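# A structural walkthrough
The residues making up each chain are set out below.
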Amino acid sequence: MTKSGLFVIAAVAILTLLSLVYFALTVDSPEGTTTLVIEPPVSVVENSPAPSPSPAPSTQPNSPLPQIRLQPQQEPASVALSEPEIAALPEEVEPVELAPEPELNEDETNVIELPTLTDSDPFVFETLQTLQNGMALVNALAEDQIVRKFVVFVENISRGEFPQTGLPYKGLGQEMPVSEIDDNLFVMDQVAHSRFDQVVSTFVETDTDSAVIIYQKLLPLFQQAYAEIGFRNVSFDETLRAAINNVLRTTNMEGPYQLVKPSVMYLYADSSVENLAEVHKQLLRIGPDNTSALKAKLREFLTKL
């Protein structure tokens, strides 16, 4: 072998030795075989920090081949899915039927504006004249302040009294006819009752239904006049009922009635009669026939009031 060939072989051997030394210093490898490390996947829990990667296994020196290391792939974070909310269907609303407006009766559609109490006489008399016997009734009544006088009259009768003045009807203008027994004793004549026949007849012939309608129409005026005499919180309608019942509770008594006259007024000689309620004694003066007719009319009026 030539000298130049020896140099070539020596150079190749030196380069090969240097390569082996370089690989031994720069590459770690385990003994014997090549190791493949595969780390288990890491489960991801919602709202928890991702775990730090496990430390790599320690390298083993003196391995002729490099160790292959596979990095574990991080699974995507699971998203918590909430159950979808199902909107409730709108409830069916049943159509509401509006109540029909009440029909107004004739009295409600024809509202009457009442006058003041002081100026009410013309209105009251014109209203009474619409009755079948209206003119006769108006002629029998007082000529002024008829509402106020009627209210005072009714209030007195409701207590069993009978006013001597301020009556709602005109005075008879006749003295009681009597027969003298002696200087101190008298007896009422039978004809004394007939003085009231015309007044009672006019009242009894009045149509009851029409009279009730007129009374209800004038009731605010009656109530105002009732408040004027001190009964502000008392129903005049109830007072009228009490007055009628007082008349109906009286008992009929047959005459003749003996009288005494200690002063201007006649008094009943019998104390049991004189001690009766004033309204009862007035019915004795008008007589049993007029009293029966008057009670029947008042009873009919009361049932429709």
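Predicted, not measured: the structure shown is a model, and the values here were computed from it.

Rules of the game
- Residues numbered from 1 in each chain as written.
- Predicted model: local features only at pLDDT ≥ 70, side-chain atom pairs only at ≥ 80, totals over all residues.
- Heavy atoms only, no water.
- Helix = DSSP H or I, 4+ residues; strand = E, 2+ residues; numbered from the N terminus.
- Areas by Shrake-Rupley, 256 points an atom, 1.4 Å probe, with all protein chains shown as cover.
- pLDDT = per-residue confidence, 0-100.
- Contact = heavy atoms within 4.5 Å.
- Phe/Tyr/Trp six-rings, centres within 6.5 Å; stacked < 30°, edge-to-face > 60°.
- Buried < 20%, exposed > 50% of the residue type's maximum accessible area, 1.4 Å probe, protein only.
- Salt bridge = Lys/Arg side-chain N within 4 Å of Asp/Glu carboxyl O.
- Pairing = 2+ DSSP bridges.
- Patch = residues over 30% accessible without salt bridge, like charges linked within 9 Å, V, L, I, M, F, W, Y side chains within 5 Å.
- Axes fitted to C-alpha atoms, helices over the stretch in contact; angles between N-to-C directions.
- Parallel < 35°, antiparallel > 145°, perpendicular 65-115°, else oblique.
- Core = buried A, V, L, I, M, F, W, Y, C linked by side-chain atoms within 4.5 Å.

## Observations regarding the overall build of the protein chain
- Secondary structure assignment for the protein chain yields 11 helices and six strands.
- Of the roughly 21500 Å² that the protein chain leaves accessible, carbon and sulfur atoms contribute 57%.

## Observations regarding the confidence of the model for the protein chain
- Summarising the model, the protein chain shows a mean pLDDT of 79, and 64% of its residues fall at 70 or more.
- Confidence drops under pLDDT 50 across residues 40–61; counting only partners more than four residues distant or on other chains, this segment forms 22 contacts.

## What to know about the packing of aromatic side chains
- All told, the structure shown has 11 aromatic pairs when counted by the stated rule.
- Pairing Phe-153 with Phe-162 gives two aromatic rings, centres 5.5 Å apart and planes at 80°, and the pair type is edge-to-face. Each member of the pair, Phe-153 together with Phe-162, is buried.
- Ring plane angle 85° and centroid distance 5.9 Å describe the contact between Tyr-257 and Tyr-268, whose orientation is recorded as edge-to-face. With Tyr-257 in the loop between helix 8 (236–248) and strand 5 (258–260) and Tyr-268 in strand 6 (residues 267–268), the pair connects residues that are 11 residues apart, well separated along the chain.
- The rings of Phe-150, Tyr-215, Phe-222, Tyr-226, Phe-231, Phe-236 and Phe-301 are connected pair by pair, giving a single aromatic cluster.

## Let's talk about the pattern of salt bridges
- One pass over the structure, following the stated rule, counts nine salt bridges.
- Across the salt bridge formed by Glu-143 and Lys-170, the nearest N and O atoms sit 3.7 Å from each other. Remark: Lys-170 occurs in the loop between helix 5 (146–158) and strand 3 (178–180) and Glu-143 occurs in the loop between helix 4 (134–140) and helix 5; sequence separation between them is 27 residues.
- With relative accessibility at 63%, the residue Glu-143 sits in the exposed group.
- Salt bridges here are not isolated pairs; linked through shared partners, they connect Asp-237, Glu-238 and Arg-241.

## Description of the sheet that holds strand 5
- The strand order 3-4-5-6 describes an open sheet built from four strands, whose pairing is antiparallel. The strands lining the two open edges of the sheet, one partner per strand, are strand 3 and strand 6.
- For strand 4 (residues 186–188) and strand 5, the ladder comprises two bridges, and the chain directions are antiparallel. Within strand 5, the residue paired with Val-187 across the bridge is Gln-258.

## Side note on a nonpolar patch on the surface
- Taken together, the side chains of Val-264, Met-265 and Leu-267 make up a nonpolar region of the molecular surface, amounting to roughly 290 Å² of accessible area.
- Structurally, Val-264 is set in the loop between strand 5 and strand 6.

## Some thoughts on the packing of helix 7 (residues 208–228) against helix 8
- At a closest axis distance of 9 Å, the pairing of helix 7 and helix 8 adopts a crossing angle of 100°. In this view, helix 7 runs roughly perpendicular relative to helix 8, as classed from their interaxial angle. Side by side, helix 7 and helix 8 meet where Tyr-215, Leu-219, Phe-222, Gln-223 and Tyr-226 of the first sit next to Phe-236, Asp-237, Thr-239 and Leu-240 of the second.

## Regarding the side chain of His-280
- Counting through the fold element by element, His-280 comes out in helix 10 (residues 278–286).
- Look past the residues within four positions of His-280 in its chain and what remains in contact with it is Thr-250, Thr-251 and Met-253.

## Side note on the nonpolar core
- Leu-128, Val-147 and Phe-301 are the most contacted members of the largest nonpolar core, which has 42 residues in total.
- Listing elements by their share of this core, those giving two or more residues are helix 3 (121–128), helix 4, helix 5, helix 7, helix 8, helix 10 and helix 11 (288–304).
- Sorting elements by how many residues they give to this core places helix 7 first, with nine residues.
- Residues within four places of Leu-128 in sequence aside, it is in contact with Gly-134, Leu-137, Val-138, Leu-141 and Ile-214.
- In this structure, Met-188, Ala-192, Tyr-268 and Val-273 belong to the second largest nonpolar core, which totals nine residues.

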